[in-house]
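# Notes for the structure review
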Amino acid sequence: MFLLWGVVLCQSLVQKDGGMCHGVDIREISIAKVHERYWDGTLTPGRLTACYLDRILALNPALGAVVSINPLALTKATELDQLGDDRFRLKLFGIPVLVNDNIAAEGMQTTAGSLMLYDFLPKSDALVVERLLEQGAIILGKANLSEMAG
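Residues numbered from 1 in each chain as written. Predicted model: local features only at pLDDT ≥ 70, side-chain atom pairs only at ≥ 80, totals over all residues. Heavy atoms only, no water.

For strand β5 (residues 138-143), the tally of buried residues reaches six of six residues, placing the bulk of the element in the interior. Where strand β3 (residues 66-69) lies against β5, three bridges are found, and the strand directions are antiparallel. The residue bridging Val-66 from the neighbouring strand is Ala-143, located in β5. As paired elements, strand β4 (residues 96-100) and β5 share five bridges and run parallel to each other. Counterpart to Leu-98 in the pairing with β5 is Gly-141. What joins β4 to β5 is helix α5 (residues 127-134), and the crossover it makes is right-handed. (Buried < 20%, exposed > 50% of the residue type's maximum accessible area, 1.4 Å probe, protein only. Helix = DSSP H or I, 4+ residues; strand = E, 2+ residues; numbered from the N terminus. Pairing = 2+ DSSP bridges. Right-handed = clockwise from strand over helix to strand, strands pointing away.)

The structure is reproduced here in structure tokens:
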């Protein structure tokens, strides 16, 4: 379900040249460089988030590294696009991140790598997720891990 959603929203942005997207090599760009690009207006959180979602959709079928995509990632990124200059006081402003699948993120399936928890949807965020969001990060989705992180 999440992959279909991502394909529909991001299909037009898929890049064919490795990790390049909107003139940025998303495989190696630093937070400082992302913020420079935001500041000069050549990149936005929405565009960068779409780039990472495209990359996940392109590579994940072979890698299986991402177990779920946050259905609100692009919405949150677009909301960040609308913030004024106060946004630059946030250390992780517009930085897309994945969290391990054993960390609770409200409304996102959290299985800890176990089929037993397949239907578990936390009603609140773990403290680490709260802190990431407070600093302007965008939760892209959940990263795969071994069962119960063991």
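Further notes follow.
Here we take up the sheet that holds β3. If you walk across this open sheet you meet the three strands as β3-β5-β4, and the pairing is mixed. The strands lining the two open edges of the sheet, one partner per strand, are β3 and β4. Here the average twist between neighbouring strands, direction ignored, is 35°. In this fold helix α3 (residues 45-63) packs onto β3, β4 and β5, with an angle of close to 15° to the strand it touches most, β5. (Axes fitted to C-alpha atoms, helices over the stretch in contact; angles between N-to-C directions. Contact = heavy atoms within 4.5 Å.)

Turning to helix α4 (residues 73-81), a few remarks are in order. Ala-73, Leu-74, Ala-77 and Leu-80 are the residues of α4 that are buried. Buried positions in α4, seen along its axis, are confined to an arc of 120° and lie on one side of it. (Arc of directions from axis to C-beta.)

Let us now look at unusual backbone geometry. Residue His-22 is not a glycine yet carries a positive backbone phi of 55°. Tracing the chain through its elements places His-22 in the loop between β1 (20-21) and β2 (24-25). On the basis of relative accessibility, which here comes to 26%, the residue His-22 falls in the partly exposed class. Here the phi dihedral of Ala-112 falls at roughly 55°; this positive angle occurs in a residue that is not glycine. Its location among the elements puts Ala-112 in the loop between β4 and α5.

Let's shift gears to the state of the cysteines. Two cysteines joined by a covalent bond between their sulfur atoms form a disulfide. Inspection of the entire model under this criterion finds one disulfide. With a sulfur-sulfur separation of 1.9 Å, Cys-21 is cross-linked through a disulfide to Cys-51. Measuring the twist about the S-S bond at about -75°, one finds the Cys-21-Cys-51 disulfide to be left-handed. Here Cys-21 is found in strand β1, whereas its partner Cys-51 is found in helix α3, with 30 residues between them in sequence. Taking the relative accessible area as the measure of exposure, Cys-21 reaches 4% and is therefore buried. Owing to a relative accessible area of 2%, Cys-51 belongs among the buried residues under this scheme. (Disulfide = S-S within 2.5 Å.)

Next up on the list: the packing of aromatic side chains. The full count for this structure, using the stated rule, is one aromatic pair. Look at Tyr-38 and Phe-93: their rings are 5.5 Å apart centre to centre, the planes differ by 80°, and that puts the pair in the edge-to-face class. Highlighted residues: Tyr-38 in helix α2 (residues 31-39) and Phe-93 in the loop between α4 and β4, separated in sequence by 55 residues. The residues Tyr-38 and Phe-93 share a single accessibility class, namely buried. (Phe/Tyr/Trp six-rings, centres within 6.5 Å; stacked < 30°, edge-to-face > 60°.)

Among the nonpolar cores identified, the biggest contains 31 residues, and Ile-26, Tyr-38, Leu-48, Val-97, Leu-132 and Ile-139 are the most heavily contacted of them. Top element by residues in this core is α3. It accounts for five residues. Ile-139 has contacts with Asn-70, Ala-73, Val-97, Val-99, Met-108, Val-129, Leu-132 and Leu-133, leaving out every residue within four places of it along the chain. (Core = buried A, V, L, I, M, F, W, Y, C linked by side-chain atoms within 4.5 Å.)

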